[in-house]
Amino acid sequence: LTGAGIGLTPFSSGLQSIIDHKWSKKRPTNTNSSNQTEEADMSSSSSSSSPPSKAPTSAPTHVHFHWSCRITDIEAYVWFLEMLQHVHNQYLGYREGGLEVVLQVTIYITGACTETQLAALSNAHKLQYPAQDADRNFRMVLKKGRPNWEGVFEEMQRMYKNKRIGVFHCGPMGKDLAYYCRQFSRITTNALHGKKEKTFFQMHAEVF
């Protein structure tokens, strides 16, 4: 998911829908529930022999959210930064329950901003700055400057080899993203097994 400025709006709703509704279908059962069906689900999910839960097949299990905003406009989007705290707490709950999902949020701050401003922003909203790769399954990071889309696509290509990757965007970066979708979509033949490997970036645009 990619957006810039007000282009954040549709995808912030999409992100919250994935977290609150799609992934919650596999949320661990409440141990205080008296409902027999829920108790049965809890019993089976808490068994030591049970495999980790997986998100519903209709929902993406790996979400990468990239958003850029000018430092002078960031106050207008405090609601989104506060929403990320909810997303963070929800994600941690799912992971503790064994749900196999990946969530990475990267916020790019553009314009004339100081290190002090960035540090204050990251501290206030629990964002990593500078970015760290301690946990590949979850991170919420703050970066200075515009996105390096070539680097982003290279990382996605490594992480999701032989997969179809949806690229959803809303904002002025459409031409750049379309270019990199073409550049990094690959069909190669495995020399050892003779099988074709396909990594395909499929672009979707939100226009309003």
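Residues numbered from 1 in each chain as written. Predicted model: local features only at pLDDT ≥ 70, side-chain atom pairs only at ≥ 80, totals over all residues. Heavy atoms only, no water.

**A short note on the side chain of glutamine 104**
Structurally, glutamine 104 is set in strand β3 (residues 102–110). When its relative accessible area of 3% is taken as the criterion, glutamine 104 is described as buried. Within the local environment of glutamine 104, its side chain forms a polar contact with the side chain of arginine 139, the two groups lying 3.0 Å apart. Not counting residues up to four positions away in its chain, the partners in contact with glutamine 104 are Val63, His64, Phe65, Arg136, Arg139, Glu155 and Met159. (Helix = DSSP H or I, 4+ residues; strand = E, 2+ residues; numbered from the N terminus. Buried < 20%, exposed > 50% of the residue type's maximum accessible area, 1.4 Å probe, protein only. Polar contact = N/O pair within 3.5 Å; in protein donor to acceptor, adjacent residues only side chain to side chain. Contact = heavy atoms within 4.5 Å.)

**Focus: the packing of helix α5 (residues 149–159) against helix α6 (residues 174–184)**
Two numbers describe how α5 lies on α6: the axes approach to 10 Å, and their chain directions differ by 40°. Classified by chirality, the crossing of α6 by α5 is right-handed. Here Trp149, Glu150, Phe153, Glu154 and Gln157 of α5 lie close against α6, whose contacting residues are Asp176, Leu177, Tyr180, Cys181 and Phe184. The residue makeup of the contact of α5 with α6, split by class, is 6 nonpolar, 1 polar and 3 charged. (Axes fitted to C-alpha atoms, helices over the stretch in contact; angles between N-to-C directions. Left-handed = near helix turned anticlockwise from the far one by under 90°. Nonpolar A, V, L, I, M, F, W, Y, C, P; charged D, E, K, R; others polar.)

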